[in-house]
Amino acid sequence: MTQPRWGARELVVMGLAWLAGLALLHRCARLPSAAEYAVLAVAFWLLWMLRRRHWLLLAVCIAAFAFTQAALRAEWRLTPELHPAWEGRDLVLTGRIDSLPVAVTGQGGVPGWRFEFAVASVGPAGTALPPEVPRRLMLLSYDGKPVTAGEHWRFTARLKRAHGLANPGGFDTELWLLERGLRASGVVRAAERLHAAPWWEIDAARQRLRAAIHAHVTDPGMAGVLAALSLGDQNAIAHADWALFRDTAIAHLLSVSGLHVTLFAWLTAAVVAPLWRRSRWLCLRLPAPTAARWVGVLAALGYALFSGWGVPAQRTVLMLAAVAGLQTLGLRWPWPLVLLAAAVVVTVADPWALMQPGFWLSFGAVGLLMAVGGGPVKGWWPRLKAALRVQAIATVGLAPLSLICFAQLSGVGLLANLLAIPLVSFVITPLALLGGAFPPLWTLAALLLQVLMAWLKLLTALPGAVWWLPAAPLWAQALALLGAALIVMRLPWRLRLAGLAMTVPLLWPAVPRPGDGEFELLAPDIGQGNAVLVRTRAHALLFDTGPVYAPGADAGERVLLPLLRSLGVRRLDMLMLSHRDSDHVGGAAALMQALPVSELRSSLEPGHPLLRAGPTEVRCEAGQSWVWDGVRFDLLHPAEQHYDAGLKSNDLSCVLRITAAAKGSGRRALLAGDLEAEQEKRLVAREPDLRADMLLVPHHGSKTSSSAELLAAVRPAVALVQAGYRSRFGHPAPPVLARYQAAGIEVVTSPACGAWRWDSGTAASSCERERRRRYWHDRVAAAVNPEPTGPWLDDPMP
């Protein structure tokens, strides 16, 4: 132990090799084939045989082993897959409620539950081959009996594959599902409870405690935060409260985080150590520091298990166990090696931890604090200065990492954390835990939370409270991380100023824009609805804003706002709402509240609520036109008389034609909203030249639109269908697709493509699913006319 075979340098290289092997796998678009696994096995064997020649050969061997074992574990987690033929069909599933149920609200305000379900068996389906169903599912049950964790049920459900929205910088739902071992989701159509949860079921006890908190604390928002702090139930926190915590950079405190697990372990060890020393017999068999250390780890494990065994808690328990093991073995490694060893232990247990922002934020924070150091201090004033210094170091040092992970930076995070860290960690969280034994403590904790919330709301009202910055290239991110480390370390000021300069490319990235006379069209993946961003050199227009996914969740807040901010769009020069349908205007209110909008154009009727929420509206009328940066915009429909003709909302859709400058490409795009066949034919008769290179397929490919006359007049090279995965409306309809195929028009669908970009200058297009393909992403295109599968929610953030 005192003279290890490998020095610190070799051990660091080997640890980094392990992490590099995992990182390489997570960049792969697919998993290895059988032949490639054989090549990896041979390479691993050769490197192992030569490992004594040089320690670098052993490092490569470790990287190959890390890559291969993680790929095999991914193979196991990804199988069995739900075959597309079984999507949308009634399946009888027997199994166990495998998580704490989460209360949800469906379309129309229907109450329900979302929960994970461990499948034990699949009932007969009346086919020669029984269906293969993944081992664990995410199910939604609406307007039915309440479910309890640990219960055994028989459900009749309709399933769909693990498929999420794919947008630049957006939330990766499919990765989130993979990390939890969930390979399909579904809606329950019939249910039968088979067995109650056994008395020893931890999740059932957690659910009873959550119900007790909500019964005792009258404010549902405060009750949700207390449930998150004591039980790890982050879904109990209201979405508006999460936004407040995120904007003030204290979101890491308002759940069972690594800080809370570590604090619990430290307090347990502090209590056990003096008690252990009282027994001579115990001290002779195991030293008190070692005993206290491992009892603290076991206490952390128990707390993490009771709080739901969430990923941050798992990571912290493994880190504590790794550090305790090193200290027990007497290995006096330097702090970078200790941190690296903990990272290796964490990723051995969870290879996908590398893909989680929390992994990098927690290890980054610990690494920064270890690097800057600081000896013990005495007296309240030196301790206060030391605490302020630590908080400042964490705030400045982690700022680039926060920007990279979340594309936003809180300007008031330091002030918010100065109160929140001691109050939440040392007062509110202990009260939330002790409330299980003495419920009045929950009332006191809720009062303190209300004080904290008032302070946070005051901070967010300050100018510059939150900064959103466009996404920067990889080299700028790496440079800024190095610069932040130089700034907070005890180095000469010249080096610190150099570190500050290294953060500039991340803070002010160059945002690519179309050239003069050209435009870029970006159609995000928003599910069942329309939303298209049109950008010229200095202007931005958004055509429609997508659907409402559920009460309190819409495409504006969940998809469009993050996308616009990542592109550096700080204001919309025009918001055009084609017509009143909710799948076209669902995100408008959230957008207009969060982003300046210079002009609103729509076909909305007078008195519509959105007209009161935004800028002065200009009614869409044929003949209106304007030019931005050499690009011409023409409204072709509806005409003035259409508003008094009693047409339904689809036939009042604003139809917008965009034309690049004649001295440039001169290419055109036509955005047609939900216009139906009769009005399409009248538009063809009214407009002598409807030719366009790109067409937004009217009404998502419904049978009521895309008439042969329109296709003959427009003659596009490519047409885009924006629709939901396995749309319950059957969009796009097969006869419509056949019509486009017969006309020789390429059709792109958002479920198969994700976000779609089209450049007028080159007519080049790209799909986000292909551009950022990873092995966990769904590769099966949705059926074009599935059976209705129930009220699917396309919400990108579960």
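Note that the structure is predicted; figures quoted are calculated from it, not measured. (Residues numbered from 1 in each chain as written. Predicted model: local features only at pLDDT ≥ 70, side-chain atom pairs only at ≥ 80, totals over all residues. Heavy atoms only, no water.)

Caption draft 1: A look at the overall build of the chain. Across its full length, the chain holds 28 helices and 25 strands. Radius of gyration (C-alpha) of the chain: 29 Å, near the 28 Å computed for a compact globule of 798 residues. Overall size of the chain, expressed as C-alpha extent along the three principal axes, is 100 × 70 × 65 Å. When burial is assessed residue by residue, the chain has 51% of its 798 residues classed as buried. For the chain, the share of sequence-separated contacts (at least 6 apart) that also reach a separation of at least 24 residues comes to 71%. Carbon and sulfur atoms make up 63% of the accessible area of the chain, which amounts to about 35600 Å² in all. (Helix = DSSP H or I, 4+ residues; strand = E, 2+ residues; numbered from the N terminus. Rg over C-alpha atoms; globule rule 2.2 N^0.38 Å. Buried < 20%, exposed > 50% of the residue type's maximum accessible area, 1.4 Å probe, protein only. Contact = heavy atoms within 4.5 Å. Areas by Shrake-Rupley, 256 points an atom, 1.4 Å probe, with all protein chains shown as cover.)

Caption draft 2: Broad picture of helix α20 (residues 555-566). Over its 12 residues, α20 extends 15 Å from the first C-alpha to the last, a length consistent with the 16 Å expected when each residue adds 1.5 Å. Of all 12 residues in α20, 10 are buried; the element is thus mostly enclosed. The complete set of buried residues in α20 reads A555, G556, R558, V559, L560, L561, L563, L564, R565 and S566. Of the residues that open α20, the one with a side-chain oxygen 2.9 Å from the backbone nitrogen of G556 is D554. In the segment just after α20, G568 is the residue with positive phi, at about 80°. (Expected span 1.5 Å × (residues − 1). Polar contact = N/O pair within 3.5 Å; in protein donor to acceptor, adjacent residues only side chain to side chain.)

Caption draft 3: Local environment of the pattern of salt bridges. What the rule picks out here adds up to 30 salt bridges. A salt bridge links R189 to D90; its shortest N-O distance comes to 3.2 Å. Taken together, the residues span a long stretch of sequence, with R189 in strand β6 (residues 184-195) and D90 in strand β1 (residues 90-97) at a distance of 99 residues. You can call D90 partly exposed: its relative accessible area is 41%. Between R136 and E116 there is a salt bridge, and its shortest N-O distance comes to 2.3 Å. (Salt bridge = Lys/Arg side-chain N within 4 Å of Asp/Glu carboxyl O.)

Caption draft 4: Structural view of the side chain of E520. Within the secondary structure layout, E520 lies in strand β9 (residues 520-523). Looking at E520, the relative accessible area reads 14%, which means it is buried. Within the local environment of E520, its side chain forms a polar contact with the side chain of R757, the two groups lying 3.2 Å apart. Beyond its immediate stretch of four places on either side in the chain, E520 contacts P514, L533, V534, R535, R757 and W758.

Caption draft 5: Region of the structure containing the packing of helix α5 (residues 202-216) against helix α16 (residues 440-460). At a minimum axis distance of 10 Å, the contact between α5 and α16 shows a crossing angle of 65°. On the basis of the axis angle, α5 is roughly perpendicular to α16. In this structure, α5 crosses over α16, and the sense of that crossing is right-handed. Of the residues in α16, those touching α5 at L209, A212, I213 and H216 are P440, W442 and T443. (Axes fitted to C-alpha atoms, helices over the stretch in contact; angles between N-to-C directions. Parallel < 35°, antiparallel > 145°, perpendicular 65-115°, else oblique. Left-handed = near helix turned anticlockwise from the far one by under 90°.)

Caption draft 6: Seen up close, the nonpolar core. Counting 37 residues, the largest nonpolar core has L226, F245, I250 and L254 as the members making the most contacts within it. Broken down by secondary-structure element, the contributors of at least two residues to this core are α5, α6 (220-231), α7 (239-247), α15 (413-434) and α16. In contact with F245, not counting residues within four places along its chain, are V225, I237, I250, A251, L254, M453 and L456. Counting 34 residues, the second-largest nonpolar core is a separate cluster that includes M14, A343, V346 and Y775. (Core = buried A, V, L, I, M, F, W, Y, C linked by side-chain atoms within 4.5 Å.)

Caption draft 7: Seen up close, the environment of L671. By the element assignment, L671 lies in strand β20 (residues 668-671). When its relative accessible area of 0% is taken as the criterion, L671 is described as buried. For the pair L671 and E192, spaced 479 residues apart in the sequence, the C-alpha separation amounts to 48 Å. The residues touching L671, leaving out its near neighbours within four places in the chain, are L521, V532, V534, F543, C654, V655, L656, I658, M694 and L696.

Caption draft 8: The side chain of S706, seen in detail. Inspection of the secondary structure puts S706 in the loop between β21 (694-696) and α25 (708-714). For S706, the side chain forms a polar contact with the side chain of Y740, separated by 2.8 Å. If we skip the residues at most four places from it in the chain, S706 touches E680, V697, P698, L711, V736, R739 and Y740.

Caption draft 9: View of a nonpolar patch on the surface. Taken together, W380, W381, L384, L388, L414, L415 and L418 make up a surface patch of nonpolar side chains, about 690 Å² in accessible area. Of all the secondary structure elements, the ones that give two or more residues to the nonpolar patch are α14 (380-406) and α15. It is α14 that provides the largest number of residues to the nonpolar patch, a total of four residues. Positionally, W380 belongs in helix α14. (Patch = residues over 30% accessible without salt bridge, like charges linked within 9 Å, V, L, I, M, F, W, Y side chains within 5 Å.)

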